[in-house]
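# Per-entry structural report
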Amino acid sequence: MTTKSKGTITFSYTTADLFNDVGLVSAFMTKNLVNENGSVMDEFIITDDERELFDVCVKQTLPNIFDEMLKMTTCVKGYNNDGTNITFSVTDNNAYNENALPLVEDTLFDCLKYGVLSEFYSICTNGALHAIARGKYEEMLRLLNQRLYQLKKRSISSLY
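The present account deals with the structure reproduced in this document. Predicted, not measured: the structure shown is a model, and the values here were computed from it.

Conventions adopted
Residues numbered from 1 in each chain as written. Predicted model: local features only at pLDDT ≥ 70, side-chain atom pairs only at ≥ 80, totals over all residues. Heavy atoms only, no water. Buried < 20%, exposed > 50% of the residue type's maximum accessible area, 1.4 Å probe, protein only. Helix = DSSP H or I, 4+ residues; strand = E, 2+ residues; numbered from the N terminus. Pairing = 2+ DSSP bridges. Axes fitted to C-alpha atoms, helices over the stretch in contact; angles between N-to-C directions. Parallel < 35°, antiparallel > 145°, perpendicular 65-115°, else oblique. Contact = heavy atoms within 4.5 Å. Nonpolar A, V, L, I, M, F, W, Y, C, P; charged D, E, K, R; others polar.

Burial within strand β6 (residues 85-91) is extensive, with five of its seven residues counted as buried. Two elements, strand β2 (residues 8-14) and β6, share seven bridges in a ladder whose sense is antiparallel. Each residue of the ladder has a partner; that of T14, found in β6, is N85. Sheet topology places strand β5 (residues 76-81) next to β6; five bridges connect them, and they run antiparallel. When the sheet's bridge partners are listed, V76 is paired in β6 with V90. Hairpin connection, β5 to β6: the antiparallel pair is bridged by three residues, and G83 has positive phi, about 95°.

So, about unusual backbone geometry. The residue K6 is not glycine, and still its phi comes out positive at about 50°. Considering the arrangement of structural elements, one finds K6 in the loop between β1 (2-5) and β2. A residue is classified by how much of its surface remains accessible, and K6, at 83% relative accessible area, is exposed.

Where helix α1 (residues 15-30) contacts helix α3 (residues 51-72), the axes come no closer than 11 Å and their chain directions differ by 110°. It follows that α1 is roughly perpendicular to α3 by the angle criterion. Across the interface between the two elements, T15, L18, F19 and V22 from α1 touch R51, F54 and V58 from α3. Class assignment of the residues belonging to the contact of α1 with α3 gives a composition of five nonpolar, one polar and one charged.

Okay, the environment of V90 next. Along the chain, V90 falls in strand β6. For V90, a relative accessible area of 0% puts it in the buried group. Each C-alpha atom of the pair V90 and L151 lies 8.2 Å from the other, and the pair is 61 residues apart in sequence. In this structure, V90 is in contact with G7, T8, I9, F11, M69, C75, V76, K77 and L151, ignoring residues within four places of it in sequence.

Structure, rendered in structure tokens:
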């Protein structure tokens, strides 16, 4: 959800929604994993049993995304994770196309999702799944850079 208030744009996500999406993506990524004994999907899917590890992965991913955002634009204000909600805040320069906001919101969520998956698979030591998640995470960060460009623009009147 995106909110605007007092010169700030805040992008908010619930950890429950993030957990559900990460679990769903992990299920599809692992559904065809097999070895000589059969499916190994259960070893690499994120379920309620991995909730504590998911929380650790979120805590590891958030500062990395924020750091990347800081490199992209000076309008970034901060981030927060209270265990239930995750927020990112940027300065509202009021000089962008409103259609850019949902694009940034969706891309930030994708960065979170694939960043968490990348951390999870690095801990679970599955190189192939880690490489896939990491590649998608880096792709989403590049896309975020392009989409954040809209938000860092300033109105012409603010330059005088």
